[in-house]
Amino acid sequence: MRERNLRLTVEYDGTAYAGWQRQRESPTLQGTLEEKIGFVCGHKVELLVAGRTDSGVHALGQTANFHTSSPMSVPRLKEVLNQLLPMTSASST
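A brief structural summary. The structure displayed is predicted, hence computed values, not measured ones.

Some words on the overall build of the protein chain
Consideration 1: Broken down by element type, the protein chain carries two helices and four strands.
Consideration 2: Taken from the N to the C terminus, the helices and strands of the protein chain come in the order β-α-β-β-α-β.
Consideration 3: Taking 93 residues into account, the globule formula puts the C-alpha radius of gyration at 12 Å, and the protein chain, at 12 Å, falls close to it.
Consideration 4: Dimensions of the protein chain, computed from the C-alpha atoms along their principal axes, are close to 40 × 25 × 20 Å.
Consideration 5: Counting across all 93 residues of the protein chain, residues that qualify as buried make up 40%.
Consideration 6: Expressed as a percentage of contacts within the protein chain between residues at least 6 apart in sequence, the contacts between residues at least 24 apart total 64%.
Consideration 7: Accessible surface for the protein chain amounts to roughly 5,700 Å². Of this, 50% is attributable to carbon and sulfur atoms.
Consideration 8: If the 10 positive side-chain charges of the protein chain are averaged to one point and the 9 negative ones to another, these points end up 7 Å apart.

A short note on the nonpolar core
Consideration 1: Membership of the largest hydrophobic core comes to 20 residues, with the highest contact counts inside it found for Trp 20, Leu 33, Ile 37, Leu 47, Phe 66 and Leu 77.
Consideration 2: Those elements giving two or more residues to this core turn out to be β1 (4-12), α1 (29-41), β3 (59-68) and α2 (74-84).
Consideration 3: Element by element, the count of residues in this core is highest for α1, at five residues.
Consideration 4: Excluding residues that lie within four positions of it along the chain, Ile 37 makes contacts with Leu 8, Val 45, Leu 47, Phe 66 and Leu 81.

Here's the deal with the pairing of β1
Consideration 1: Here β1 shows one buried face, formed by Arg 4, Leu 6, Leu 8, Val 10 and Tyr 12, and one open face, formed by Asn 5, Arg 7, Thr 9 and Glu 11.
Consideration 2: Relative to β3, β1 runs antiparallel, the two being bridged by nine bridges. Bridge assignment links Val 10 to a residue of β3, and that residue is Gln 62.

As for the pattern of salt bridges
Consideration 1: Per the counting criterion, the structure on display carries two salt bridges.
Consideration 2: Between Glu 79 and Arg 76 there is a salt bridge, and its shortest N-O distance comes to 3.3 Å. Placement of the pair is Glu 79 and Arg 76 together in helix α2, with a separation of three residues, close to one helical turn.
Consideration 3: According to the relative accessible area criterion, Glu 79 is partly exposed, its value standing at 40%.
Consideration 4: You can call Arg 76 partly exposed: its relative accessible area is 40%.

What counts as what
- Counting restarts for each chain, with residues numbered from 1 along the sequence as it is written.
- At least 70 in pLDDT is required for a residue's local features to be given in this predicted model, at least 80 for side-chain atom pairs to be given and counted, and no such filter applies to totals for whole chains, interfaces and linings, which use all residues.
- Think of the side-chain values as coming from all heavy atoms in the structure, minus any hydrogens and water.
- Strands here are runs of E lasting at least two residues and helices are runs of H or I lasting at least four, both read from the DSSP assignment and numbered beginning at the N terminus.
- The size measure is the radius of gyration over C-alpha atoms, and the globule rule it meets is 2.2 Å times the number of residues to the 0.38 power.
- Burial classes follow relative accessibility: with a 1.4 Å probe on protein chains only, a residue under 20% of its type's maximum area counts as buried, one over 50% as exposed, and anything between as partly exposed.
- Every residue pair with non-hydrogen atoms within 4.5 Å of one another is taken to be in contact.
- Each accessible area is a Shrake-Rupley result for a 1.4 Å probe, and residues are judged covered by the shown protein chains and nothing else.
- Under this rule, positive means Lys or Arg and negative means Asp or Glu; His and the chain ends count for nothing.
- By convention, charge coordinates are those of NZ in Lys, CZ in Arg, CG in Asp, or CD in Glu.
- To form a nonpolar core, buried Ala, Val, Leu, Ile, Met, Phe, Trp, Tyr and Cys residues must be joined to one another through side-chain atoms within 4.5 Å.
- Two strands qualify as a pair provided DSSP detects at least 2 bridges between them.
- Just to be clear on terms, a salt bridge is a Lys or Arg side-chain nitrogen sitting within 4 Å of an Asp or Glu carboxyl oxygen.

Here it is, written out as structure tokens:
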């Protein structure tokens with residue numbers, strides 16, 4: 001399958017995270033989402049985001065995108081990610 005560019009709209013409670021941007025020593029939303037999306041898609045992904053949040057900040061309707069060659073349908077990807085992500089901290093829509 002050819003590579004697709006998929007958009008995510010996410011909402012999260014950022015209390016347990018050190019903000020959006022990936023960091024080596026602290027849990028972040030970008031790191032968590034990239035790990036779970038990569039697991040589901042079967043390859044490493046890098047999220048690009050429209051804006052970032054600081055430590056402890058929540059978001060509603062934040063937009064990010066990633067490229068994937070996974071043949072998984074978008075509805076199925078959404079379903080699987082929502083099952084894998086912590087309910088109180090991040091959820092893909």
